[in-house]
Amino acid sequence: MSNYPVIAIDGPTASGKGTVASLVAQKLGFHYLDSGALYRLVALASEKLGIDVKNAAELGFLVPKLLISFNNNQILLDGEDVTDAIRTENIGLRASALAVHPEVRTALVGLQRGFRQSPGLVADGRDMASVIFPDAVLKVFLTASAQARAERRYKQLIAKGISAKLSDLLQDLQERDARDSSRGAAPLVIAEGAKVLETSDLSIDQAVKTVLDWYQSVIT
Ligand code: C5P
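The paragraphs below set out a description of the structure included in this document. Here the structure is a predicted model, which is why all the values come from computation and not from measurement. (Residues numbered from 1 in each chain as written. Predicted model: local features only at pLDDT ≥ 70, side-chain atom pairs only at ≥ 80, totals over all residues. Heavy atoms only, no water.)

### Some words on the pattern of salt bridges
So, point 1. One pass over the structure, following the stated rule, counts 10 salt bridges.
So, point 2. For glutamate 80, the salt bridge is made with lysine 48, and the minimal N-O distance between the two is 3.2 Å. Taken together, the residues span a long stretch of sequence, with glutamate 80 in strand S5 (residues 80–81) and lysine 48 in helix H2 (residues 35–49) at a distance of 32 residues. (Salt bridge = Lys/Arg side-chain N within 4 Å of Asp/Glu carboxyl O. Helix = DSSP H or I, 4+ residues; strand = E, 2+ residues; numbered from the N terminus.)

### Section: the sheet that holds strand S3 (residues 68–71)
So, point 1. Taken in spatial order, the three strands make up an open sheet running S3-S4-S5, and their pairing is antiparallel. Every interior strand has two partners, whereas the edge strands, S3 and S5, have only one.
So, point 2. When S3 meets strand S4 (residues 74–77), the two strands line up antiparallel, connected through four bridges. Residue phenylalanine 70 lies in a different strand from S4, and its bridge partner there is isoleucine 75.
So, point 3. In the packing of H2 onto the sheet, the strands contacted are S3, S4 and S5, and the crossing angle to S4 comes to about 40°. (Pairing = 2+ DSSP bridges. Contact = heavy atoms within 4.5 Å. Axes fitted to C-alpha atoms, helices over the stretch in contact; angles between N-to-C directions.)

### Details of helix H4 (residues 89–98)
So, point 1. Counting buried residues along H4, seven of its 10 residues qualify, which places the element largely inside the surrounding structure.
So, point 2. All buried positions along H4 are accounted for by Ile91, Gly92, Arg94, Ala95, Ser96, Ala97 and Leu98.
So, point 3. Residues of H4 that are buried make contact with H2, helix H3 (56–62), helix H5 (102–113) and helix H8 (166–182). (Buried < 20%, exposed > 50% of the residue type's maximum accessible area, 1.4 Å probe, protein only.)

### A look at the pairing of strand S1 (residues 6–10)
So, point 1. Here S1 lies mainly inside the structure; five of its five residues are buried.
So, point 2. In the sheet, S1 pairs with strand S6 (residues 121–125) via five bridges, with the strands oriented parallel. Following the sheet pairing, isoleucine 9 is matched in S6 by aspartate 124.

### What about a nonpolar patch on the surface?
So, point 1. On the surface, a cluster of nonpolar side chains totalling about 210 Å² of accessible area is made up of Val137, Val218 and Ile219.
So, point 2. Relative accessible area serves as the criterion here: at 43%, isoleucine 219 is assigned to the partly exposed category. (Patch = residues over 30% accessible without salt bridge, like charges linked within 9 Å, V, L, I, M, F, W, Y side chains within 5 Å. Areas by Shrake-Rupley, 256 points an atom, 1.4 Å probe, with all protein chains shown as cover.)

### Quick look at the environment of arginine 87
So, point 1. Looking at the element boundaries, arginine 87 is found in the loop between S5 and H4.
So, point 2. The exposure class of arginine 87 is partly exposed, given its relative accessible area of 37%.
So, point 3. Every residue in contact with arginine 87, bar those within four places of it in the chain, is listed here: Asp34, Ala37, Arg40 and Ile75.
So, point 4. For arginine 87, the side chain forms a polar contact with the side chain of aspartate 34, separated by 2.9 Å. (Polar contact = N/O pair within 3.5 Å; in protein donor to acceptor, adjacent residues only side chain to side chain.)

### As for the packing of helix H1 (residues 17–28) against helix H9 (residues 204–219)
So, point 1. Close contact between H1 and H9 brings their axes to 9 Å; oriented N to C, the two are set at 55°. Viewed along their axes, H1 and H9 adopt a mutual orientation that is oblique. As H1 runs across H9, the sense of the crossing is right-handed. Contacts between H1 and H9 involve Thr19, Val20, Leu23, Val24, Lys27 and Leu28 from the former and Ile204, Ala207, Val208, Val211, Leu212 and Tyr215 from the latter. (Parallel < 35°, antiparallel > 145°, perpendicular 65-115°, else oblique. Left-handed = near helix turned anticlockwise from the far one by under 90°.)

### Quick word on the side chain of arginine 40
So, point 1. Mapped onto the fold, arginine 40 is located in helix H2.
So, point 2. Buried and unpaired, arginine 40 has glutamate 89 as its nearest opposite-charge partner, separated by 6.2 Å.
So, point 3. Setting aside its immediate chain neighbours within four residues, arginine 40 contacts Ile86, Arg87, Thr88, Ile91, Gly92, Ala95 and Arg176. (Lys, Arg positive; Asp, Glu negative; His and termini not counted.)

### Structural notes on the site of the ligand
So, point 1. As a structural note, the neighbourhood of the ligand is formed by 17 residues, with Arg40, Arg105, Asp127, Asp180 and Arg183 the closest of them.
So, point 2. Within the side chain of arginine 105, a nitrogen or oxygen atom sits 2.8 Å from an oxygen atom of the ligand.
So, point 3. Protein chains shield 97% of the accessible area of the ligand, which is 450 Å² for the free molecule.
So, point 4. For the shell around the ligand, the leading source of residues is H2, giving four residues.
So, point 5. Class assignment for the residues of the shell around the ligand results in four nonpolar, five polar and eight charged. (Near = heavy atom within 4 Å. Nonpolar A, V, L, I, M, F, W, Y, C, P; charged D, E, K, R; others polar.)

Below, the structure written as structure tokens:
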């Protein structure tokens, strides 16, 4: 493993960790890894190929064959722009269903560690601190109440002109939380040494500032 510093930001779905992590990366001039996007890419690719989410072996074989590239804000799969296609609720649920398989998780380890480049990395996901970058210089567990997270997601969807029902979103979130926390392989846990950031009552700017302050305090 290289020595470039890693800030690991883990947390449940729709906690805002993606927004916070990418802003922290931007402020520090660090690279950014959205590890959830990788699981979503496997979900999309396997759906297109008709592979069952329960077929761990075939899903594991599929991963090294995927041609994935992150181009500024665009995500390409085999040359096709899938930035929006991977963000649907359906793909999120499918990603969470296939993320239970150790075969899939193991196949994605090298790809994720490859993002650790000069001058540093902010990595967001579920197991960044516990499994992928256990030597992260700062480990953050970013969370918010299920209600606050469902409301945030609801507002995002409505702003995009996508119709949504708050109660359905809340139920999807809880289903995904339960699966992510109870699976045997790399469950969503607060890693040892992680600082918990409860964002239900924080603005994005406040959350970003807290992470930056914590980072300054660990490197000085
Ligand atoms: O973070 P996001 O909602 O995009 O992730 C989609 C799904 O991928 C999650 O519900 C989770 O099951 C899985 N995931 C994971 N480990 C990660 C990132 C995402 O298991 N590091």
